[in-house]
Amino acid sequence: MCGIVGYVGTRRVVPILLEGLRRLEYRGYDSAGLVYSFDNRLVRYRAKGKLANLEAVVDEYIGVASGIGLGHTRWATHGAPTEGNAHPHTDCTGELVVVHNGIIENYNALKKELMAKGHVFTSETDTEVLAHLIEDCLKEKRDLVAAVRAALTLVEGSYAIGVLWAGEPELLVAARNHSPLVMGVAADACYIASDIPALLPFTREVIFLNDREMAVLGRGTYTIQQIDDGSELAKPVSLIDWNASMAEKAGFRHFMLKEIFEQPQAILNTVSGRIVPDTGFVDLPEIGLDYATLDAIDRIALVACGTSWHAALIAKYWIEKWVGIPVEVDIASEFRYRRLLVDERTLTIAISQSGETADTLAGIRRAAQLGSRVLTVCNVVGSTMTREADGVIYTHAGPEIGVASTKAFTSQLAALFLLTLYLGQTRKTIDPITRKKLGLSLIDIAEVIATELPRLQTEISALIEGYYEAKDFLFVGRGLNFPIALEGALKLKEISYIHAEGYAAGELKHGPIALIDREMPVVALVPRDSVYLKTVSNVEEIKARQGRLVLFGTSGDEHLSTLTDDVLYLPDVMEDLNPLLYTIPAQLLAYEIANRRGCDVDQPRNLAKSVTVE
Ligand code: F6R
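What you see is a predicted model; the values in this text were computed from it and never measured.

## Digging into the pairing of strand β18 (residues 299-304)
The element β18 is extensively covered by neighbouring structure, given that six of its six residues are classed as buried. Where burial is concerned, the two faces of β18 agree: the one with R299, A301 and V303 and the one with I300, L302 and A304 are both buried. Bridge analysis of β18 against strand β20 (residues 346-352) gives six bridges, and the strand direction is parallel. Following the sheet pairing, A301 is matched in β20 by T348. Sheet topology note: the β18/strand β19 (residues 327-331) ladder contains five bridges and is parallel.

Here you go:
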């Protein structure tokens, strides 16, 4: 949700800002803007729409020898996606600029006060109030750091900001509260960014800012202080083990396709070193919870949003089956606002690719207040959730840039399956032989997916010719594959804009079956598992009503090809691991349909990755 990037150093700033924005564009693409300081003036460019529109405007100025600036890519919250609402926003004089990610909740009240003092506003955004507020505070004392601090004490809401002022042209001030912000450091330069990929071409040494902290950056020098009392903080520098090429397309047409194909490696990276193949012993050293604590747990609450919530639904089946602890799964935006029956015997687990999703973060904060221990399954090292939880299980999927989550999802499943085995091990609910068999099957699934991917892509790109113009789709599955039906529908709607719904196959007859006619494609997940016969009966019901069936089933199951011509066969794997395999054709189906319809696969409309607003 909005990306910000800033640089102070000895190199030309504009190419650095544009490169950083390119790597943050997945966070929002309603408008983009940048500002740099030159000859004691601030020079600002803004453009509606994608970054390419901004690049077209600033191109000829790339040679300008400025070494300090800020950039922004916007996901609109307050105010339409116009050039006038694009960041950076300025004060009345045009000498102070602000870029912002978050929401200033009391902006209306502040705006009224500032207008009464004579400030003139030119945008519909909440952000502009920050520029005017800091301008107002500068009247007291011509000191940017003091003015930003004073302004932020009056502000309610979430923000990651970067501020430049022509009065102190060598200084960049940044601050955060409830929106992500990371600093990059190098010998001759300092950087700020909403997310690590923006920094990877320049530095891998980073400092994570916490809520209510601000940073004052110069050319290779910086200080960090508390917003509330100005006290200075010494913070550790972390080394990121991602590299810049991991966030490139590497010859693939889209990041999403590249990330689909990276799944076998992402799963292996997540599992590797955590299972001893000879014994099946599972080791999760970062889990941060000792055996006694895990033994005392009598309930697990899984909290997540979107695709990560689908991973949680699958984990519920696994944990309840193998560990026997009751598991509740909540959408984080619901969990955070209802009466929570969690206590010190509950383990709350946040599942999040980004580790910054506002609702999930708020959910684990509430659970922690009620005494629950908190674990995070997360892909981004150092993200807010990982720092606030008692323990972490990192998924090692590498940077996920495509807005539609793919490799992060299958890596979450791998991590959650590992967690299931680990809990089974500590609580002695899985015997060692079974645990070893399950663990080795998890390792093997990566190889199975790697083998099947090219064939599936070829078959699906041919199959979609008959379906890509459909207006609606249904996805159905039972048991572990019900969440995959939900995930298949989500993938399709978010990138192809086709209306799609996922249902538990047994639920169709309670209403949705009324939708089925000869126009309605229904994707049914029918592996030969413990509920196979039940699912096949549901498929027959759909066929009887002339629904257009696409079946994902087990190789050798000839009955399926009597039901429809459109069957995608998948190898027979251990039932528990079917979700990792069956999600692959669902992802490819969505990808190929969206691509065929000419949709912007990596940057679907209205969406952004890392949802840091409520
Ligand atoms: C869908 C998708 C989203 C995210 C959701 C949670 O493809 O990517 O539904 O899964 O916004 O994001 P994280 O996992 O970062 O908390």
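This is not the end of the story, as more comes after the structure.
## Examining the nonpolar core
I300 and F473 are the most contacted members of the largest nonpolar core, which has 92 residues in total. Leave out the neighbours within four places in its chain, and F473 touches Y467, L492, I498, H499, A500, E501, M520, P521, V523, L589 and I593. I16, L51, V58 and V206 belong to the second-largest nonpolar core, a separate cluster that totals 39 residues.

## Describing empty space enclosed by the protein
Counting across every chain of the model gives four cavities of 30 Å³ or more. Taken as a whole, the largest cavity spans an internal volume of roughly 120 Å³. Lining the largest cavity are 17 residues, and of these P180, S194, D195, E356 and S383 lie nearest its centre. Composition of the lining of the largest cavity by domain shows at least three residues from each of domain 1 (3-248) and domain 2 (258-444). Looking at the second largest cavity, its volume works out to about 80 Å³. Considering only residue class, the lining of the second largest cavity consists of six nonpolar, three polar and three charged. Two domains share the lining of the second largest cavity, each providing at least three of its residues, namely domain 1 (3-248) and domain 2 (258-444).

## Observations regarding the site of the ligand
By nearness alone, 14 residues border the ligand, and S308, S352, Q353, T357 and E494 come closest of all. Contacts to the ligand include T307, whose backbone N or O atom sits 3.1 Å from an oxygen atom. In this structure, E494 approaches the ligand through a side-chain N or O atom, which is 2.5 Å from an oxygen atom. Considered on its own, the ligand offers 410 Å² of accessible surface; in the complex 88% of this is hidden by protein. When each cavity is represented as a set of grid points, the ligand is found to reside in the largest pocket. Of all the secondary structure elements, the ones that give two or more residues to the shell around the ligand are α9 (306-322) and α15 (482-496). The element that contributes the greatest number of residues to the shell around the ligand is α9, accounting for three residues. Across the shell around the ligand, the residue classes break down as four nonpolar, eight polar and two charged.

## With respect to helix α5 (residues 144-152)
For α5, the full list of buried residues reads L144, V145, A147, V148, A151 and L152. All buried residues of α5 lie within an arc of 165 degrees about the axis, which places them on one face of the element. Looking at the buried residues of α5, the elements they touch are β6 (96-104), α4 (128-140), β7 (157-165), β8 (172-177), β12 (213-217) and β13 (222-226).

## A word on the side chain of T406
Its location among the elements puts T406 in the loop between β22 (391-394) and α13 (407-426). Among the residues examined, T406 registers a relative accessible area of 0% and is labelled buried.

## Considerations on the sheet that holds strand β21 (residues 373-378)
Taking strand neighbours across the sheet as the criterion, the five strands line up as β19-β18-β20-β21-β22 in an open arrangement whose pairing is parallel. Edge positions in the sheet fall to β19 and β22, since each has one partner strand and no second. Each strand axis lies, on average, 20 degrees off the axis of its neighbour in the sheet, ignoring direction. Packing against the sheet, α13 makes contact with β18, β20, β21 and β22, and its axis sits at approximately 160 degrees to β20.

## Topic: α9
With 17 residues, α9 should cover 24 Å at 1.5 Å per step; its first-to-last C-alpha distance of 25 Å lies within 8% of that length. Burial analysis of α9 places twelve of its 17 residues in the buried class, the great majority of the element. Among all positions in α9, only T307, S308, W309, H310, A311, A312, L313, I314, A315, W318, I319 and W322 are buried. Within two residues after α9, G324 carries a phi angle of roughly 75 degrees, on the positive side.

## Regarding the pairing of strand β9 (residues 182-186)
Buried residues dominate β9, accounting for four of its five residues. Sheet topology places β9 next to strand β10 (residues 189-193); five bridges connect them, and they run antiparallel. Within β10, the residue paired with G184 across the bridge is Y191. Connecting β9 to the next strand, β10, in antiparallel fashion are two residues. In this structure, β9 lies alongside strand β11 (residues 205-208), joined through three bridges in antiparallel fashion. Among the inter-strand pairings, M183 is bridged to a residue of β11, identified as I207.

## Re the domain arrangement of the protein chain
Parsing the protein chain into structural domains produces domain 1 (3-248), domain 2 (258-444) and domain 3 (452-596). Using only C-alpha atoms to locate each centre, domain 1 and domain 3 end up separated by 45 Å.

Rules behind the numbers
- Note that residues are indexed from 1 along each chain, following the sequence as it is written.
- Confidence filtering applies because this is a predicted model: local features only for residues at pLDDT of at least 70, side-chain atom pairs given and counted only at 80 or more, and all residues used for totals across whole chains, interfaces and linings.
- Working from all heavy atoms in the structure, the side-chain values ignore hydrogens and water.
- Exposure categories follow from relative accessible area, calculated using a 1.4 Å probe and restricted to protein chains: below 20% of the type maximum is buried, above 50% is exposed, and the middle band is partly exposed.
- A run of H or I in DSSP counts as a helix once it spans at least four residues, and a run of E counts as a strand once it spans at least two, with each numbered from the N terminus.
- When DSSP finds at least two bridges between two strands, those strands are taken to pair.
- Definition of nonpolar core: a set of buried residues of the types Ala, Val, Leu, Ile, Met, Phe, Trp, Tyr and Cys, connected through side-chain atoms within 4.5 Å.
- The contact criterion used throughout is that any non-hydrogen atoms of two residues lie within 4.5 Å.
- Residues are called lining when one of their atoms sits within 4 Å of a cavity or pocket point, these points coming from a 1 Å grid over the protein atoms alone, where a cavity is a set in which a 1.4 Å probe fits but cannot get out and a pocket is an open set with protein on both sides within 12 Å along at least five of seven lines.
- Grid points are joined across faces, edges and corners, and a volume is the space filled by probe spheres set on the points.
- Start and end points for every domain follow an automatic or database-based domain assignment.
- Each residue gets one label: Ala, Val, Leu, Ile, Met, Phe, Trp, Tyr, Cys and Pro are nonpolar, Asp, Glu, Lys and Arg are charged, and the others, such as Gly, are polar.
- Near residues are defined by distance, with any heavy atom within 4 Å of the molecule or strand qualifying the residue.
- Whenever two N or O atoms come within 3.5 Å, that pair is a polar contact, provided that in protein one can donate a hydrogen and the other can accept it, and provided that, for residues adjacent in sequence, both atoms are side-chain atoms.
- Per-residue and other accessible areas were derived by the Shrake-Rupley procedure at a 1.4 Å probe size, with only the shown protein chains allowed to occlude residues.
- Each molecule is checked against the cavity or pocket grid, and it sits inside if more than half of its atoms lie within 2 Å of the grid points.
- Arc, as used here, means the arc of the directions from the helix axis to the C-beta atoms.
- A fitted line through C-alpha atoms serves as each axis, taken over the contacting stretch for helices, and the angle formed by two N-to-C directions is quoted from 0 to 180°.
- Expected helix span is given by 1.5 Å per residue-to-residue step, counting one fewer step than there are residues.

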